[in-house]
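Summary of structural features
Listed below, chain by chain, are the residues.
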Number of protein chains: 2
Amino acid sequence: MKKTLAAIALASAMMAFGLPAQAAEPIDPIEPVEVKNPALVELGKMLFFEPRLSRSGFISCNSCHNLATGGVDNLVTSIGDRWAQGPINSPTVLNSFGQIAQFWDGRAKTLAEQAAGPIANPLEMASTHEMAVKVISSIPGYGEYFKKAFGDSKVDIQRITDAMAEFERTLVTPNARFDKWLKGDKDALTAQELKGYNLFKSSGCTICHNGAQVGGQSFQKMGLVRPYQTTNTAEGVKAVSGRDQDRMSFKTPMLRNVELTYPYFHDGAVWTLEEAVAIMGDVQLGRRYMKEELADISAFLKTLTGDQPKIEYPVLPPSGPETPKFNPWAPAAK
Amino acid sequence: MKKTLAAIALASAMMAFGLPAQAAEPIDPIEPVEVKNPALVELGKMLFFEPRLSRSGFISCNSCHNLATGGVDNLVTSIGDRWAQGPINSPTVLNSFGQIAQFWDGRAKTLAEQAAGPIANPLEMASTHEMAVKVISSIPGYGEYFKKAFGDSKVDIQRITDAMAEFERTLVTPNARFDKWLKGDKDALTAQELKGYNLFKSSGCTICHNGAQVGGQSFQKMGLVRPYQTTNTAEGVKAVSGRDQDRMSFKTPMLRNVELTYPYFHDGAVWTLEEAVAIMGDVQLGRRYMKEELADISAFLKTLTGDQPKIEYPVLPPSGPETPKFNPWAPAAK
């Protein structure tokens, strides 16, 4: 309570000295990206919604990174091929380009590298890169789109994932109420939301949750000051580095649109913002927030919901005579 | 071959007498419907894409009636809850409102009645109408959409399915090349396509495949002159009427966008138009088409692909505190 008041006093003092609010803020507004190659974005959108990139012909990127629901599936972990239970919660694709790396354990440096993963993961789309290329090459209608995007109609996995990445780069959610406030609209936040933001800052959340993405810029141990209890077996960065000290180290999630991206954490174990904030306070900061404080911070977090991307649902070209006939129930390959 | 020439001669004679081509044609152009209640259509679109209407929180109407791919899933039969294999091929939702009835066996009179089916079918979305109403009612953001559409925010299964039906009514695909030809643009079809159309008419296909939907207006025995071989166990209209003579009687499929709606027939057993036309000729008309004739009719059928609906992908409101936490892998209820 004291800290909150102190933060408000500080903010008031800054305003009194005529300092613009945004100059001192650890969070930046997020802005739409400039589209340099609209044909590449259009192709990427088609491929993002393309179920034929999966073994079954049923699962697309959008199945688990659903643009109707904050770029996630709102499930604890995702449903994959043959109803497989994924190992980890699907992070949102919204605003994802600006992160330090991709995946919870950061094992992909770029969006294109990330996009290649689920296509070939047996628990996700369960295809292979060879099959993905074969399928897309076999669909006559894609030729003109590759040509427009790349200059010729050659299909390879790099082009497929580059196109997806270019589309994903456009999935930015500007104009959140918090961004309006950052830009000087003092009425954009309620008193409670502002109180929540000040507490968010003063208690140290912005050490990790900062920048335009409000996170996604560093790896942190989940359970910094107190162990985080979970039945999920993901090892975090250790799976990439092999180093034992990286166990339970995960990329700090972005908090933009966090209102939409429940359930929370890498294990998807928590469904409400209040509970997520309480656990973060406890295991990362060693702080037990009061109920009112949890409500205040949660109210602030909901001001990070921005304009969702306007997507014209793509029309995909029909399969050709050489396209495989998908059979979701085919016996598993050995 | 003789019949084809006769049909062309007849058509030529008609043109010579100055009769407009369309006056004599058994197929009518399809036209967009007038939207009377845009708010109802918008709500219906949201619900059509709403995965929370399923038990798992993963499957929406659009999963199997994918508007990116001709309103179907391009699978033999559909994937349902827990990767269940559906009993029958998913018919397209495009242009579906103008049919005599819904489902292959016609068991639903209206689109709204149809929409209620998959929600509660254990092999499809596997929810219940009670659960669907509970879920939608629990999502705070839906209130304003129901209010705009219906005057107040009450949610019931009739309203849910009425809204879906109203959206589906707008899924019309006008401006097919064949429609342009019907409307007098003689250059809209190639010589081969026109030859295919004339053969389609002269050999009797238009007895069933006629009107604006090019089908969907009657029930016919699959295997009228020769038994149709299938491993699919669907009984057709018999399952509705109980009468043995209705076994293997199915609603004649619409042929609009048939280029996109493979695989074909109620059992989804056939992947190419040529093969589908050959089988239809054989089992319905007792006619063995030559290879060239199959190519001609198939070329004509591809002129029935119209403008696909332009859909702005919906943004769905987030779950509320009372919304069930979906668990796709929950033990099955007894």
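Rules and cut-offs
Residues numbered from 1 in each chain as written. Chains lettered and ligands numbered in written order. Predicted model: local features only at pLDDT ≥ 70, side-chain atom pairs only at ≥ 80, totals over all residues. Heavy atoms only, no water. Contact = heavy atoms within 4.5 Å. Buried area = accessible area lost by both parts, 1.4 Å probe. Salt bridge = Lys/Arg side-chain N within 4 Å of Asp/Glu carboxyl O. Polar contact = N/O pair within 3.5 Å; in protein donor to acceptor, adjacent residues only side chain to side chain. Helix = DSSP H or I, 4+ residues; strand = E, 2+ residues; numbered from the N terminus. Nonpolar A, V, L, I, M, F, W, Y, C, P; charged D, E, K, R; others polar. Expected span 1.5 Å × (residues − 1). Buried < 20%, exposed > 50% of the residue type's maximum accessible area, 1.4 Å probe, protein only. Core = buried A, V, L, I, M, F, W, Y, C linked by side-chain atoms within 4.5 Å. Domains from an automatic or database assignment. Least-squares fit on C-alpha atoms with pLDDT ≥ 70 in both.

Our focus in this paragraph is the interface of chain A and chain B. With 44 residues of chain A at the interface, the matching set in chain B holds 44 residues. When chain A packs against chain B, close to 3,800 Å² is buried across both sides, 70% of that on carbon and sulfur atoms. Summed over the three residues of chain A that lose the most area to chain B, namely Trp 83, Tyr 313 and Trp 329 of chain A, the buried surface amounts to 25% of that side. There are two salt bridges connecting chain A and chain B. Residue Glu 312 of chain A pairs with Lys 310 of chain B through a salt bridge whose shortest N-O separation is 3.7 Å. For the pair chain A and chain B, the interface holds 14 residue pairs in polar contact (both at pLDDT 80 or more). Contributing elements (two or more residues each) for the side of chain A that touches chain B: helix H3 (61-64), strand E1 (79-80) and strand E2 (84-85) of chain A. Tallied by class, residues from the side of chain A that touches chain B come to 22 nonpolar, 13 polar and nine charged.

With that out of the way, let us pick up helix H7 (residues 157-169) of chain B. Note that an α-helix has 3.6 residues per turn; residues three or four places apart therefore point the same way. Residue and element names in this part refer to chain B. Under the 1.5 Å per step criterion, the end-to-end length of H7 is 18 Å for 13 residues, consistent within 8% with the ideal 18 Å. Within the sequence span of H7, burial applies to Arg 159, Ile 160, Thr 161, Ala 163, Met 164, Ala 165, Glu 166, Phe 167 and Glu 168. On its buried face, H7 sits against helix H2 (38-48), helix H3 (61-64), helix H4 (111-120), helix H5 (129-138) and helix H6 (142-150). Taking the backbone nitrogen of Gln 158 as reference, a side-chain oxygen 3.2 Å away marks Asp 156 as the first, capping residue of H7.

Let's shift gears to the nonpolar core. With 79 residues, the main nonpolar core has Leu 47, Leu 67 and Ile 136 of chain A together with Leu 47 and Leu 67 of chain B as its most contacted residues. Excluding anything up to four places from it in sequence, Leu 47 of chain A contacts Leu 53, Cys 61, Ile 136, Tyr 142, Phe 146, Ile 160, Ala 163 and Met 164 of chain A.

Residues and elements named next belong to chain A. Considered domain by domain, chain A is made up of domain 1 (2-32 + 175-304) and domain 2 (38-169). A C-alpha centroid distance of 28 Å is found between domain 1 and domain 2. Each partner contributes residues to the interface: domain 1 has 27 residues there, and domain 2 has 24 residues. Between domain 1 and domain 2 the total buried area reaches about 2,000 Å² when both faces are included, carbon and sulfur atoms providing 59% of it. Contributions of two or more residues to the side of domain 1 that touches domain 2 are made by helix H10 (238-241) and strand E4 (249-251). Within the side of domain 1 that touches domain 2, the residues separate by chemical class into 14 nonpolar, ten polar and three charged.

Turning our attention to the pattern of salt bridges. Taken as a whole and assessed by the stated rule, the structure comprises 44 salt bridges over all chains. In this structure, Arg 52 of chain A and Glu 50 of chain A form a salt bridge, with 2.8 Å as the shortest nitrogen-oxygen distance. Glu 50 of chain A shares its class with Arg 52 of chain A; the two are buried. Put simply, Lys 154 of chain B and Asp 156 of chain B hold a salt bridge, and the shortest N to O gap is 3.1 Å. With a relative accessible area of 48%, Lys 154 of chain B lands in the partly exposed category. In this structure, a network of salt bridges that share partners links the residues Arg 55, Asp 81 and Arg 82 of chain A.

This brings us to the relation of the copies chain A and chain B. Laying chain A over chain B is done by rotating through 180° and shifting 0.0 Å along the axis; what remains is an RMSD of 0.0 Å. Look at the turn and shift together and you get a two-fold axis relating the two. Closest approach to the rotation axis among the C-alpha atoms of chain A is made by Glu 312 of chain A, whose C-alpha sits 2.2 Å away. A high fraction, 100%, of the interface residues of chain A reappear at the interface in chain B, so the copies pair face to face through one surface.

Attention now moves to unusual backbone geometry. Only a minority of non-glycine residues have a phi that is not negative, and only a minority of peptide bonds are not trans. The omega angle of the peptide bond from Tyr 262 of chain A to Pro 263 of chain A is -5°, so this bond is cis rather than trans. Here Pro 263 of chain A is to be found in the loop between E4 and helix H11 (273-285). Positioned with a positive phi, Arg 82 of chain A is a non-glycine residue whose angle comes to about 60°. Here Arg 82 of chain A is to be found in the loop between E1 and E2. Within the chain, Asn 175 of chain B stands out as a residue other than glycine whose phi angle is a positive 65°. Here Asn 175 of chain B is to be found in the loop between H7 and helix H8 (177-182). Accessibility expressed as a relative area gives 38% for Asn 175 of chain B, which makes it partly exposed.

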